[in-house]
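Coordinate inspection notes
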Amino acid sequence: DAGITQSPRHKVTETGTPVTLRCHQTENHRYMYWYRQDPGHGLRLIHYSYGVKDTDKGEVSDGYSVSRSKTEDFLLTLESATSSQTSVYFCAISDKGTGGPNGYTFGSGTRLTVV
Amino acid sequence: GENVEQHPSTLSVQEGDSAVIKCTYSDSASNYFPWYKQELGKRPQLIIDIRSNVGEKKDQRIAVTLNKTAKHFSLHITETQPEDSAVYFCAASMDNAGNMLTFGGGTRLMVKP
């Protein structure tokens, strides 16, 4: 077990509805990240957190918000889902900005489809 | 901010041949360059990384080279095997606390038996 779990693994939602994805870690790592993966774009950073209640925007943050009320949980919310947010979402953790000896550890991903 | 370009987007090789994937980055302050492998339907996993005080690093059949002057780095896989088939991502960052990785667009490597 990599010490990081994402839920749900798959979700289909309708345009305009709010959606929350959860990332849970058991490693007590300080840094947590949300990326989206789309063909041809690699992994693009949405938001990240460097501690409880400390978050900041990434490259593609429009339409997304995050919260981190506990070290172990990092939530990603799509306030009003759009079809352009159909993607695979990965959470990652590290004990240092770029990761210590083992770099980032990624969750298994959430496949979100907005119809 | 940092921009990372990765080439080629797809690469097909015969089993036993070598594969090379190249990345360029834009921020001369970047000094940490990891490579991730993502098998179909799985999470990306770190396979090798290099820091700017090193020009080359090797781990069995994989190696990474870095040219800081030209701002490019490459992944080399020798004696490819079918299980090397995956998507590979390069990334770059300043290796300081709080700095996050910027990823390249990925290379789909197919190793034909």
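**Thoughts on the overall build of chain A**
- Looking only at helices and strands, one finds zero helices and 11 strands in chain A.
- Moving toward the C terminus, one meets the helices and strands of chain A in the order β-β-β-β-β-β-β-β-β-β-β.
- Rg of the C-alpha trace for chain A: 13 Å, near the compact-globule value of 13 Å for 115 residues, within the 12% margin.
- In terms of overall dimensions, chain A has a C-alpha envelope of 40 × 30 × 25 Å along the principal axes.
- The proportion of buried residues among the 115 residues of chain A is 50%.
- Long-range pairs, those at least 24 residues apart, make up 55% of the contacts in chain A between residues at least 6 apart in sequence.
- Carbon together with sulfur atoms contributes 46% to the accessible area of chain A, which is approximately 5,200 Å² in total.

**Quick notes on the nonpolar core**
- In terms of nonpolar packing, the biggest core is built from 23 residues, with Trp-35, Phe-73 and Leu-109 of chain B touching the most fellow members.
- Those elements that place two or more of their residues in this core are strand S2 (10–14), strand S3 (19–25), strand S4 (32–38), strand S5 (45–51), strand S7 (62–67), strand S8 (72–77), strand S9 (86–92) and strand S11 (107–112) of chain B.

**Observations regarding the pairing of strand S1 (residues 4–7) of chain B**
All names here are of chain B.
- Burial along S1 is one-sided: the residues Val-4 and Gln-6 are buried and none of Glu-5 and His-7 is.
- Where S1 lies against S3, four bridges are found, and the strand directions are antiparallel. Bridge pairing in S3 places His-7 opposite Lys-22.

**Things to note about the packing of aromatic side chains**
- If you walk through the whole model with that rule in mind, you get 19 aromatic pairs over all chains.
- Taking the centre distance of 5.9 Å and the plane angle of 65° together, the rings of Tyr-64 of chain A and Tyr-89 of chain A count as edge-to-face. Placement of Tyr-64 of chain A in strand S7 (residues 64–70) and of Tyr-89 of chain A in strand S9 (residues 87–94) is noted, with a sequence separation of 25 residues between them. The pair formed by Tyr-64 of chain A and Tyr-89 of chain A is uniform in burial state, with each residue classed as buried.
- Seen from their ring centres, Tyr-25 of chain B and Phe-33 of chain B are 4.7 Å apart, and the 45° between their planes marks the pair as tilted.
- Residue Phe-33 of chain B is classed as buried on the basis of its relative accessible area of 0%.
- Chaining the aromatic ring pairs together yields one cluster made of Tyr-33, Tyr-35, Tyr-48, Tyr-50, Phe-90, Tyr-104 and Phe-106 of chain A together with Tyr-36, Phe-89 and Phe-103 of chain B.

**Examining the sheet that holds strand S3 (residues 19–25) of chain A**
Residue and element names in this part refer to chain A.
- Strand order in the open sheet formed by four strands is S1-S3-S8-S7, with antiparallel pairing between adjacent strands. Lying at the two open borders of the sheet, with one neighbouring strand each, are strand S1 (4–7) and S7. In this sheet, adjacent strand axes meet at a mean angle of 20° when their direction is disregarded.
- As paired strands, S7 and strand S8 (residues 73–78) are joined by five bridges and run antiparallel to one another. Across the sheet, Ser-65 pairs through a bridge with Thr-77, a residue of S8.

**What to know about the state of the cysteines**
- Inspection of the entire model under this criterion finds two disulfides over all chains.
- One disulfide bridge connects Cys-23 of chain A with Cys-91 of chain A, the sulfur atoms lying 1.9 Å from each other. Between Cys-23 of chain A and Cys-91 of chain A, the S-S torsion sits near -75°, and that sign places the bridge as left-handed. Of this pair, Cys-23 of chain A sits in strand S3 while Cys-91 of chain A sits in strand S9; the two residues are 68 residues apart in sequence, bridging distant segments of the chain. Here Cys-23 of chain A and Cys-91 of chain A have matching classes, each one buried.
- One disulfide bridge connects Cys-23 of chain B with Cys-90 of chain B, the sulfur atoms lying 1.9 Å from each other. Looking along the S-S bond of the Cys-23 of chain B-Cys-90 of chain B disulfide, the torsion reads about -100°, which is the left-handed sense. Remark: Cys-90 of chain B occurs in strand S9 and Cys-23 of chain B occurs in strand S3; sequence separation between them is 67 residues.

Thresholds, definitions, all that
- Residues numbered from 1 in each chain as written.
- Chains lettered and ligands numbered in written order.
- Predicted model: local features only at pLDDT ≥ 70, side-chain atom pairs only at ≥ 80, totals over all residues.
- Heavy atoms only, no water.
- Helix = DSSP H or I, 4+ residues; strand = E, 2+ residues; numbered from the N terminus.
- Rg over C-alpha atoms; globule rule 2.2 N^0.38 Å.
- Buried < 20%, exposed > 50% of the residue type's maximum accessible area, 1.4 Å probe, protein only.
- Contact = heavy atoms within 4.5 Å.
- Areas by Shrake-Rupley, 256 points an atom, 1.4 Å probe, with all protein chains shown as cover.
- Core = buried A, V, L, I, M, F, W, Y, C linked by side-chain atoms within 4.5 Å.
- Pairing = 2+ DSSP bridges.
- Phe/Tyr/Trp six-rings, centres within 6.5 Å; stacked < 30°, edge-to-face > 60°.
- Axes fitted to C-alpha atoms, helices over the stretch in contact; angles between N-to-C directions.
- Disulfide = S-S within 2.5 Å.

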